[in-house]
Amino acid sequence: MMILVTYDVSFKNDSGPNRLRRMAKLCLKYGQRVQYSVFEIEVDMAQWTKLKNELITVMDESVDSLRIYYLGNNWERRVEHIGAKEVLDLNGLLLL
């Protein structure tokens, strides 16, 4: 299933930049960055449960925000990209 994860991390205290980096690293393990704090993540339910719990653990719920959009399995029809940023085919061939 495809999930769009967005977050906003507060820099009101010194731990903000660290939380921001940790959130990004977690999201990059499972998907691709499409905007600064926006990630397209294609995972199964077990992977999503693990990632979501890790994100919630990292964030400070009193000052940070995490938004999750469930696009499902037919997400290709729901996403339109216009502009210069290169888009990865998450279902394509992976060369190592």
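Calculation rules
- Residues numbered from 1 in each chain as written.
- Predicted model: local features only at pLDDT ≥ 70, side-chain atom pairs only at ≥ 80, totals over all residues.
- Heavy atoms only, no water.
- Salt bridge = Lys/Arg side-chain N within 4 Å of Asp/Glu carboxyl O.
- Helix = DSSP H or I, 4+ residues; strand = E, 2+ residues; numbered from the N terminus.
- Buried < 20%, exposed > 50% of the residue type's maximum accessible area, 1.4 Å probe, protein only.
- UniProt positions renumbered as here; feature names shortened; annotations may be inferred.
- Contact = heavy atoms within 4.5 Å.
- Pairing = 2+ DSSP bridges.
- Axes fitted to C-alpha atoms, helices over the stretch in contact; angles between N-to-C directions.
- Phe/Tyr/Trp six-rings, centres within 6.5 Å; stacked < 30°, edge-to-face > 60°.

Asks: Just give me the short version of the pattern of salt bridges, but keep the residues and values in it.
Replies: Side chains that carry opposite charge are capable of pairing whenever their charged atoms lie near each other. The final tally for this structure, using the stated rule, is two salt bridges. The salt bridge involving Asp-64 is made with Arg-19; its shortest N-O contact spans 2.7 Å. Placement of Asp-64 in the loop between helix H2 (45-58) and strand E4 (65-72) and of Arg-19 in helix H1 (residues 16-30) is noted, with a sequence separation of 45 residues between them. Taking the relative accessible area as the measure of exposure, Arg-19 reaches 6% and is therefore buried. Ionic pairing is found between Lys-50 and Glu-54, a salt bridge with its closest N-O pair at 3.9 Å. Note that Lys-50 and Glu-54 are positioned in helix H2 at a spacing of four residues, about one turn of the helix. Looking at Lys-50, the relative accessible area reads 44%, which means it is partly exposed.

Asks: Could you give me a rundown of the UniProt feature "binding site: Mg(2+)" (unreviewed entry) in the protein, with the residues and numbers involved?
Replies: This chain's UniProt record puts "binding site: Mg(2+)" (unreviewed entry) on Asp-8. Relative to the elements of secondary structure, Asp-8 occurs in strand E1 (residues 2-8). Look at Asp-8 and you get exposed, because its relative accessible area is 54%. Every residue in contact with Asp-8, bar those within four places of it in the chain, is listed here: Asp-64 and Ser-65.

Asks: How would you explain the sheet that holds strand E2 (residues 31-35) if you had to name every residue and give the values?
Replies: Strand order in this open sheet of four strands is E2-E3-E1-E4, and the pairing throughout is antiparallel. If you trace the sheet from one side to the other, it starts and ends with E2 and E4, each paired once. When strand polarity is set aside, the average angle formed by the axes of neighbouring strands in this sheet is 25°. Pairing of E2 with strand E3 (residues 38-42) involves four bridges; the strand directions are antiparallel. Its bridge partner lying in E3, Gln-35 is registered against Val-38.

Asks: Tell me about the side chain of Thr-6, and please be specific about residues and values.
Replies: Its location among the elements puts Thr-6 in strand E1. Excluding residues that lie within four positions of it along the chain, Thr-6 makes contacts with Ser-37, Val-38, Ser-65, Leu-66, Arg-67 and Tyr-69.

Asks: Hey, could you go over the packing of aromatic side chains for me, with residue numbers and the actual values?
Replies: Tallied over the entire structure, the rule returns two aromatic pairs. With 6.0 Å between their ring centres and 15° between their planes, Tyr-7 and Phe-39 make a pair best called stacked. Residue Tyr-7 is located in strand E1, and its partner Phe-39 is located in strand E3; the two are separated by 32 residues in the primary sequence. For Tyr-7, a relative accessible area of 7% puts it in the buried group. You can call Phe-39 buried: its relative accessible area is 0%. Between Trp-48 and Tyr-70, the ring centres sit 6.1 Å apart and the planes meet at 90°, which makes this aromatic pair edge-to-face.

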